[in-house]
Amino acid sequence: MNVRTRFAPSPTGYLHIGGARTALFSWLYARKMGGTFILRIEDTDRERSTQASVDAILEGMAWLDLGHDEGPFYQTQRFDRYAEVIEQLVESGHAYRCYCSKEELEQMREEQMARKENPRYNGLWRDRQDETPPAGIAPVIRFRNPQTGVVEINDLVRGKITISNAELDDLIIARSDGTPTYNLTVVVDDIDMQVTHVIRGDDHISNTPRQINIMQALGFEPPKFAHLPMILGSDGQRLSKRHGAVSVMQYRDEGFTPQALLNYLVRLGWSNGDQEIFSREEMIELFSLEAINRAPSAFNADKLLWLNQHYIKTLPVEELEAQLQWHLQAQQLDVSNGPALADVIDAQRERAKTLVEMVAISRYFYEEFAEFDPVAVQKQFKADTADNLQTVHDELAALSAWQGEPIHAAIQAACEKLGLKLGKVGPPLRVAVTGSASSPSLEITLELIGQARALARIQRAIGFIRATQF
RNA sequence: GACCCUAUCGUCUAGAGGCCUAGGACACGACCCUUUCACGGUUGUAACUGGGGUUCGAAUCCCCAUAGGGUCGCCA
C-alpha cells in the first residue's frame, strides 16, 4: 500500500510551531514510507481565510524545506464536488435539511445548559422531512449520525479510543448558504486524495468519530489516524502569542536555522533512545509513529537555542553563508569591504547562538566601531597601556606577511620586549582592535581585520587612552 | 458539567515486569582547559502524582483518586 499523508492547515494565520510539527511528522512519515505528502489548504471559511495567510504558510513550509508531492489543493476550488457529495448523502437518507435558525439553536443550547444537559442539537428536523418547511428560511444540511453503537478509533499513537454514538449529535455539513463545513470537506478530500494516514493534532480527536461515520455512510473505509499531542507554552499552558515567537518565520527572523528548528520539533513528542541530534536523513530513517509520545510537551526555548548553536557550529560554511545573507540585509551589514564571509563564519561560529548574534559580533570586521565598550575600557585600559600598545603596533607594522603565524610571533616579540605576559598585553589589544572584550583568538582576529585597519585602530586606541588619562 | 485523552528530574525524554542504586539532553552549580568571549572535558543538584491491587518481583500491568489538557460552532 502506498502511504499518502497530508498537511491541511486553514489559512487564518501564519504557520505556527504546532502546525509546523504536524507538517513535519506527516512529511517524515510519507518520506519514511516512500509515500506521498499532500498539501491541502482548508479555506472553506471565507470570512477568515486570507491569501496572506496562504502565502505565510507556504513561506514557512519552504523555509523548513518540507516539500509536498501533490497540491497545494484549495478546498474553495472543490465546492462542486462537495455539493455533489452532500446531495448524495441527502438522497441516500444519510443527511437531511434542518430549518432551525441560529437564534433557535442558540436558545436551545442555553436551555440545555440551564437544565445542566449537554449542549447539542436535539434532532428536531431529523424525522420531519415530510412536513412542509417554513417559508423564507434557508436550511442547513445535517448528517444523520447513528444514534446507537460505538465508533472505535485505532489510533496509531494512542491505541484504541471508543466513543459512543449517543454522544454525537447531527452535525451540520452544509451551511444555509450551501457551502460545506469542515467535517464534510475533510472526509471528501481524504477519500478523493486517497489519504491513508491522517496525522494531525489531538484537538481533532473529537472530530474523528464524526468523520468516520460520514466516511462509512459514503461507503468508504476510514484511513488510519495518528493524533499528535499538543505543544504547550513554557508555562505548560496552551501555546499562544504571549509565549513570544509562535510563527515559524519569526524564528528565522531571530536567527534560528531551519535545521535547528526541525531537530527541536522532531524531539518534541518523539524520540529515538537518547539521541538528540538528527540530520534530515536520520529523521526519515528513524522516524516511526509508534515512538510518538502521548503526553503533551512544553516548548523549551533554551534547548532550541542550544540546538541552534550546535548547527551553527557544525553546518557547512556555505550553508551558513547562504542563511546569513538575509540577516546581513536585515541588519544592514555590508560585507563586501572586508574579509571573506566564510572566514568570519569559521572564526565566529563557536560564539554565536543565533545568526542575528553572528552578525552583531562580526561588525568590526567590516566597519569601524563607534566607541570602545566602556566596561572593557575600564577593565583593560590602564595608564601604561598606551605604551604597550605602541610596542605591539610597531612589531605588527613591521610585518610583511599578514597571517596568523607571524602575527602571533609579533605579539610574542612585543611581550618579550615589554617583559609582560600575553595575558597582560592581549586583552587590551583586543579591545583596541575590536572595541569589545570578546573575539576569536587575537591572531585570527587581527588577520581578518587586515593590517592597515588593525594598525589604524591600535593608533586610535592609543590616542583615546592618552586623551582620557587613566 | 459531559465526553475523550494524558501523567518519570524545572523542561525534553530513555524505560515494553527483574539489566533501575531510574539513564541521556537542555538549563543551573563546581572544577579543568584558556590571551578574551566562547567551544570542549570532568563533575554535582534534581524525577517514577497518590492509594489500592496482580506478581516471587512493578516506573512498567489493572482499578480508583488527584492533577493537567482537548472537545462540546452554520471555525478549522
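Please read all numbers here as calculations on a predicted model, not as lab measurements.

Caption draft 1: Here's a closer look at the overall build of chain A. Of the regular secondary structure elements, chain A holds 19 helices and 12 strands. Here the C-alpha atoms of chain A give a radius of gyration of 32 Å, more than 25% beyond the 23 Å that 2.2 N^0.38 yields for 470 residues. In terms of its C-alpha atoms, chain A occupies a principal-axis envelope of roughly 105 × 45 × 40 Å. A burial count over chain A gives 49% of its 470 residues as buried. Within chain A, contacts between residues separated by at least 24 positions form 76% of all contacts whose residues are at least 6 apart in sequence. Measuring between centres, the 49 positive side-chain charges of chain A sit 4 Å from its 64 negative side-chain charges.

Caption draft 2: Region of the structure containing the pattern of salt bridges. What the rule picks out here adds up to 29 salt bridges. Here Arg 363 makes a salt bridge to Glu 367, at a shortest N to O gap of 2.9 Å. Relative accessible area serves as the criterion here: at 24%, Arg 363 is assigned to the partly exposed category. For Glu 367, a relative accessible area of 30% translates into the label partly exposed. Residues participating in the shared-partner salt-bridge network are Arg 6, Arg 40, Glu 42, Arg 78, Arg 81, Glu 84, Asp 189, Asp 190 and Asp 192.

Caption draft 3: The sheet that holds strand 5 (residues 140–143), seen in detail. A sheet is described by the order of its strands in space; here 3 strands give the open sequence 4-5-8, paired in antiparallel fashion. Among the strands making up the open sheet, the edge pair consists of strand 4 (95–98) and strand 8 (172–174). Taking the axes of each pair of neighbouring strands and ignoring which way they run, one obtains an average angle of 45 degrees across the sheet. Its contacts with the sheet put helix 3 (residues 79–91) on strand 4, strand 5 and strand 8, and the angle it makes with strand 4 is roughly 95 degrees.

Caption draft 4: The packing of helix 3 against helix 5 (residues 182–192), seen in detail. For the pair helix 3 and helix 5, interaxial distance at closest approach is 10 Å and the crossing angle is 105 degrees. Judged on the interaxial angle alone, helix 5 and helix 3 are roughly perpendicular. Packed against helix 3, whose contacting residues are Arg 81, Tyr 82, Val 85, Ile 86 and Leu 89, the element helix 5 presents Leu 184, Thr 185, Val 188, Asp 189 and Asp 192 at the interface. Partitioning the contact of helix 3 with helix 5 into residue classes produces 6 nonpolar, 1 polar and 3 charged.

Caption draft 5: Main features of the protein's contact with RNA strand B. Taken together, 58 residues lie near RNA strand B, and Arg 158, Arg 175, Gly 269, Glu 350 and Arg 351 sit nearest. Put simply, 71% of the atoms of RNA strand B that lie within 4 Å of the protein are in sugar or phosphate. For RNA strand B, a phosphate oxygen lies 2.8 Å from a polar atom in the backbone of Ala 298. One nitrogen or oxygen atom from the side chain of Trp 306 is found 3.4 Å from a phosphate oxygen belonging to RNA strand B. Of all the secondary-structure elements, those providing two or more residues to the surface near RNA strand B are helix 4 (102–114), strand 7 (159–164), strand 12 (297–298), helix 10 (301–314), helix 17 (422–434) and helix 18 (442–449). The leading source of residues in the surface near RNA strand B is helix 10, at 5 residues. Residue classes in the surface near RNA strand B are distributed as 16 nonpolar, 20 polar and 22 charged.

Caption draft 6: Focus on the environment of Ile 462. Tracing the sequence through the fold places Ile 462 in helix 19 (residues 451–468). Looking at Ile 462, the relative accessible area reads 3%, which means it is buried. For Ile 462 and Ala 291, which are 171 residues apart along the polypeptide, the C-alpha to C-alpha distance reads 62 Å.

Caption draft 7: Examining the domain arrangement of chain A more closely. Domain annotation for chain A reports domain 1 (4–73 + 181–231), domain 2 (81–174), domain 3 (317–365) and domain 4 (374–468). On a C-alpha basis, the centroid separation for the pair domain 1 and domain 4 is 59 Å.

Caption draft 8: Main features of empty space enclosed by the protein. Counted according to the given criterion, the structure contains 1 cavity of 30 Å³ or more. Looking at the largest cavity, its volume works out to about 50 Å³. Along the walls of the largest cavity sit Leu 324, Leu 328, Leu 333, Val 335, Leu 341, Val 344, Ile 345, Met 358, Val 359, Ser 362 and Tyr 366, which together make up its complete lining. If you list the elements that add at least two residues to the lining of the largest cavity, you get helix 11 (317–330), helix 12 (341–348) and helix 13 (355–360). In terms of residues, the lining of the largest cavity owes the most to one element, helix 12, which gives 3 residues. Across the lining of the largest cavity, the residue classes break down as 10 nonpolar, 1 polar and no charged.

Caption draft 9: How the structure looks around unusual backbone geometry. The peptide bond linking Gly 71 to Pro 72 adopts the cis configuration, its omega dihedral lying at 0 degrees. With respect to the secondary-structure elements, Pro 72 resides in strand 3 (residues 70–74). The phi angle at Asp 65 is positive, at roughly 60 degrees, despite the residue not being glycine. Its place among the elements puts Asp 65 in the loop between helix 2 (51–64) and strand 3. When its relative accessible area of 47% is taken as the criterion, Asp 65 is described as partly exposed. Unusually for a residue other than glycine, Gln 332 sits at a positive phi of about 50 degrees. Here Gln 332 lies in the loop between helix 11 and helix 12.

Caption draft 10: Inspection of the UniProt feature "domain: Aminoacyl-tRNA synthetase class I anticodon-binding" (unreviewed entry) in chain A at higher detail. Mapped onto the present numbering, the UniProt feature "domain: Aminoacyl-tRNA synthetase class I anticodon-binding" (unreviewed entry) falls on residues 323–462. Within residues 323–462, the helical portion is 64% and the strand portion 0%, while the C-alpha atoms at the span's ends are 38 Å from each other.

Caption draft 11: Quick peek at the layout of surface pockets. Space inside the largest pocket adds up to approximately 1,200 Å³. Along its surface, the largest pocket is lined by 42 residues, and Ser 10, His 16, Gly 19, Asp 203 and His 204 are the ones closest to its centre. Of all the secondary structure elements, the ones that give two or more residues to the lining of the largest pocket are strand 1 (4–7), helix 1 (17–32), helix 5 and strand 9 (197–201). If one sorts the elements of the lining of the largest pocket by residue count, helix 1 sits on top with 4 residues. Residues belonging to the lining of the largest pocket are distributed by class as follows: 15 nonpolar, 14 polar and 13 charged. Its volume calculated, the second largest pocket comes out at about 630 Å³. Lining the second largest pocket we find 27 residues, and of these Lys 102, Leu 105, Val 140, Ile 172 and Arg 175 sit closest to its centre. Secondary structure elements with two or more residues in the lining of the second largest pocket: helix 4 and strand 5. Element by element, the count of residues in the lining of the second largest pocket is highest for helix 4, at 4 residues. In terms of residue class, the lining of the second largest pocket is made up of 11 nonpolar, 5 polar and 11 charged.

How each quantity is defined
- Residues numbered from 1 in each chain as written.
- Chains lettered and ligands numbered in written order.
- Predicted model: local features only at pLDDT ≥ 70, side-chain atom pairs only at ≥ 80, totals over all residues.
- Heavy atoms only, no water.
- Helix = DSSP H or I, 4+ residues; strand = E, 2+ residues; numbered from the N terminus.
- Rg over C-alpha atoms; globule rule 2.2 N^0.38 Å.
- Buried < 20%, exposed > 50% of the residue type's maximum accessible area, 1.4 Å probe, protein only.
- Contact = heavy atoms within 4.5 Å.
- Lys, Arg positive; Asp, Glu negative; His and termini not counted.
- Charge placed at Lys NZ, Arg CZ, Asp CG, Glu CD.
- Salt bridge = Lys/Arg side-chain N within 4 Å of Asp/Glu carboxyl O.
- Pairing = 2+ DSSP bridges.
- Axes fitted to C-alpha atoms, helices over the stretch in contact; angles between N-to-C directions.
- Parallel < 35°, antiparallel > 145°, perpendicular 65-115°, else oblique.
- Nonpolar A, V, L, I, M, F, W, Y, C, P; charged D, E, K, R; others polar.
- Near = heavy atom within 4 Å.
- Polar contact = N/O pair within 3.5 Å; in protein donor to acceptor, adjacent residues only side chain to side chain.
- Domains from an automatic or database assignment.
- 1 Å grid on protein atoms, 1.4 Å probe; cavity = no way out; pocket = protein on both sides within 12 Å on 5 of 7 lines; lining within 4 Å.
- Points joined across faces, edges and corners; volume = space filled by probe spheres on them.
- UniProt positions renumbered as here; feature names shortened; annotations may be inferred.

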